[in-house]
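Each chain is listed here by its residues.
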Amino acid sequence: MNKTFQLATRVFAILFILMTALFVLDLGKFSWMGLLTHLLPTLVLLGILIISLWQEKIGGILWILAAIAYIVIAWGDVHWSAYLLMSGPALVIGLLFLWPKSEGMHVPVAPMPEPGPGAPPSEEEPDNS
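Read on for an overview of the structure. Model, not experiment: these values are computed from the prediction.

1. Re the nonpolar core
Link 1 in the chain: In terms of nonpolar packing, the biggest core is built from 12 residues, these being Ala13, Phe16, Ile17, Leu45, Ile48, Leu49, Trp63, Ala67, Met86, Ala90, Ile93 and Phe97.
Link 2 in the chain: When contributions to this core are tallied by element, the ones reaching two or more residues are α1 (2-21), α2 (32-54), α3 (56-73) and α4 (80-98).
Link 3 in the chain: Considering each element in turn, this core owes the most residues, four residues, to α4.
Link 4 in the chain: What Leu45 contacts, discounting residues up to four positions off in sequence, is Phe16, Ile17, Thr20, Trp63 and Ala66.

2. What about a nonpolar patch on the surface?
Link 1 in the chain: A cluster of nonpolar side chains, contributed by Met33, Leu36, Leu43, Leu46, Ile50 and Trp54, occupies part of the molecular surface with about 670 Å² of accessible area.
Link 2 in the chain: Relative to the assigned elements, Leu46 resides in helix α2.
Link 3 in the chain: Residue Leu46 is classed as partly exposed on the basis of its relative accessible area of 38%.

3. With respect to the packing of aromatic side chains
Link 1 in the chain: Counting across every chain of the model gives four aromatic pairs.
Link 2 in the chain: Ring plane angle 65° and centroid distance 6.3 Å describe the contact between Tyr70 and Tyr83, whose orientation is recorded as edge-to-face. With Tyr70 in helix α3 and Tyr83 in helix α4, the pair connects residues that are 13 residues apart, well separated along the chain.
Link 3 in the chain: Taking the relative accessible area as the measure of exposure, Tyr70 reaches 24% and is therefore partly exposed.
Link 4 in the chain: Ring centres of Trp75 and Tyr83 lie 5.8 Å apart, and the angle between their planes is 35°; this geometry places the pair in the tilted category.
Link 5 in the chain: Taken together, the aromatic side chains of Tyr70, Trp75 and Tyr83 make up a single cluster linked through ring pairs.

4. Considerations on the layout of surface pockets
Link 1 in the chain: Computed from the structure, the largest pocket encloses a volume of approximately 510 Å³.
Link 2 in the chain: Lining the largest pocket we find 20 residues, and of these Thr20, Pro41, Leu45, Tyr70 and Met86 sit closest to its centre.
Link 3 in the chain: At the level of elements, α1, α2, α3 and α4 are the ones that each hand at least two residues to the lining of the largest pocket.
Link 4 in the chain: Considering every element that reaches the lining of the largest pocket, the biggest residue donor is α2, with six residues.
Link 5 in the chain: Looking at the lining of the largest pocket, its residues break down into 15 nonpolar, four polar and one charged.

Parameters at a glance
Residues numbered from 1 in each chain as written. Predicted model: local features only at pLDDT ≥ 70, side-chain atom pairs only at ≥ 80, totals over all residues. Heavy atoms only, no water. Core = buried A, V, L, I, M, F, W, Y, C linked by side-chain atoms within 4.5 Å. Buried < 20%, exposed > 50% of the residue type's maximum accessible area, 1.4 Å probe, protein only. Helix = DSSP H or I, 4+ residues; strand = E, 2+ residues; numbered from the N terminus. Contact = heavy atoms within 4.5 Å. Patch = residues over 30% accessible without salt bridge, like charges linked within 9 Å, V, L, I, M, F, W, Y side chains within 5 Å. Areas by Shrake-Rupley, 256 points an atom, 1.4 Å probe, with all protein chains shown as cover. Salt bridge = Lys/Arg side-chain N within 4 Å of Asp/Glu carboxyl O. Phe/Tyr/Trp six-rings, centres within 6.5 Å; stacked < 30°, edge-to-face > 60°. 1 Å grid on protein atoms, 1.4 Å probe; cavity = no way out; pocket = protein on both sides within 12 Å on 5 of 7 lines; lining within 4 Å. Points joined across faces, edges and corners; volume = space filled by probe spheres on them. Nonpolar A, V, L, I, M, F, W, Y, C, P; charged D, E, K, R; others polar.

This is a description of form; function is not addressed.
What follows is the structure, given as structure tokens:
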């Protein structure tokens, strides 16, 4: 389950980066500067993903900071749904990268009960009778 969870987080991040790359289609008249301007958020998120692949905790924090940065940069200029569409997935990806991978991902196992009186001796205890 741990590997599946990590893979799903990374795939979700890649899909979000591909979604931001679609904004290049908004480019009216082609120019290299316009292309770079439209692809800059995609390149930043791609860099954050590369960092996240090596250091998940640092990457998770960077994803959350990217979500907050979008809200700060675009504050008042766009409809509230744009904040949800752009910052929401980045925030979720950041939280998924920060999710503890070793805890909470397995079913807890109940401890074995102590043998009662009259139970056969275990193999660990030698029978000295």
